[in-house]
Amino acid sequence: MRSGRAAIFVGIGVIATIALIAVLGAHNYSDGAWSLRAQNALVIGGYSDNFDYAGENVRPLIGTAVVDVDSSADVGTVAASVRTTPESGPLRLSKDESLEGDITIVMSEFFEGARYMDGGIAEYLWLHGDTGRGTAMMPRQFTFLAGWGRVDIYVNGELRYPGMEGHFMYTEQARRGPEQGYRVMRDDGSVYSPTLADKTRFTDPEKGELHIIVHSLYSDGENSPPQSQWLHLNFADVFIKRAPTDLSLAISS
């Protein structure tokens, strides 16, 4: 697990993210303060399959993410800035909508939809898979930090999608690297599916990743998951600038 490191982020997208955070304002943080920086951005799937466990439609993007939150007070900001490339192509948000260019996602309002969400920002818990916390769209993952709230999407500097639903997680790594085709799979090569009876052992506890998911509340049965708009980003390299406890501690569910 990468801890106590700092990363240097360059590029227009990062400058835009920092500027947005400055506009949103600073917070007075307590002992629940977290500060993460993430890079090596991926877009996961698209319309009809927004999780793409086999990795066939996972594409690299230019971009970074910043997480600066306080789990004790359920305040802070999560911001990701990515840029599409000829290789990534546009990001398909829905059946009829695609995003292209500089895309910035900002989450600064958090809320609790279930008790395990601990007010909107939770830390040190198992999520997804067979846990009963969240859906089985991802395998059972130990999660160091997670949040749920409202998200705004800016496209080329313009606020295009305000007040969408959002979820972020800093977890053990489930998405393999490019050398293994970006699959979500066990060491034996079996690829994850929500229909599997055993939804465990898909993560690498020695590595981490940051997930950022944005979706609408409107339904679309042709999409998976069945909301009309989805955007699923993954950041494969996470650097911890500040965390409330030693992340090497073994935490049980």
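Residues numbered from 1 in each chain as written. Predicted model: local features only at pLDDT ≥ 70, side-chain atom pairs only at ≥ 80, totals over all residues. Heavy atoms only, no water.

Q: I'd love a proper account of the side chain of glutamine 141, names of residues and values included.
A: Locating glutamine 141 in the fold gives a position in strand β9 (residues 141–155). Residue classification places glutamine 141 among the buried positions, given a relative accessible area of 0%. Side-chain polar atoms of glutamine 141 contact the side chain of threonine 171, separated by 3.0 Å. If we ignore the near neighbours within four places in the chain, the residues touching glutamine 141 are Leu125, Trp126, Leu127, Met169, Thr171, Glu172, Ala174, Thr203, Glu209 and His211. (Helix = DSSP H or I, 4+ residues; strand = E, 2+ residues; numbered from the N terminus. Buried < 20%, exposed > 50% of the residue type's maximum accessible area, 1.4 Å probe, protein only. Polar contact = N/O pair within 3.5 Å; in protein donor to acceptor, adjacent residues only side chain to side chain. Contact = heavy atoms within 4.5 Å.)

Q: Requested: an account of the pairing of strand β7 (residues 102–110), with residues and values cited.
A: When strand β4 (residues 75–83) meets β7, the two strands line up antiparallel, connected through 6 bridges. Note that in β7 the partner of valine 82 across the bridge is isoleucine 103. (Pairing = 2+ DSSP bridges.)

Q: Just give me the short version of the packing of aromatic side chains, but keep the residues and values in it.
A: What the rule picks out here adds up to 10 aromatic pairs. Residues phenylalanine 110 and phenylalanine 168 carry aromatic rings whose centres are separated by 6.4 Å and whose planes lie at 75° to one another, so their mutual orientation is edge-to-face. Here phenylalanine 110 is found in strand β7, whereas its partner phenylalanine 168 is found in strand β10 (residues 158–173), with 58 residues between them in sequence. An identical accessibility class is assigned to phenylalanine 110 and phenylalanine 168; each is buried. Note on tyrosine 192 and phenylalanine 202: the rings are 5.1 Å apart at their centroids and 80° apart in plane angle, and the pair reads as edge-to-face. (Phe/Tyr/Trp six-rings, centres within 6.5 Å; stacked < 30°, edge-to-face > 60°.)

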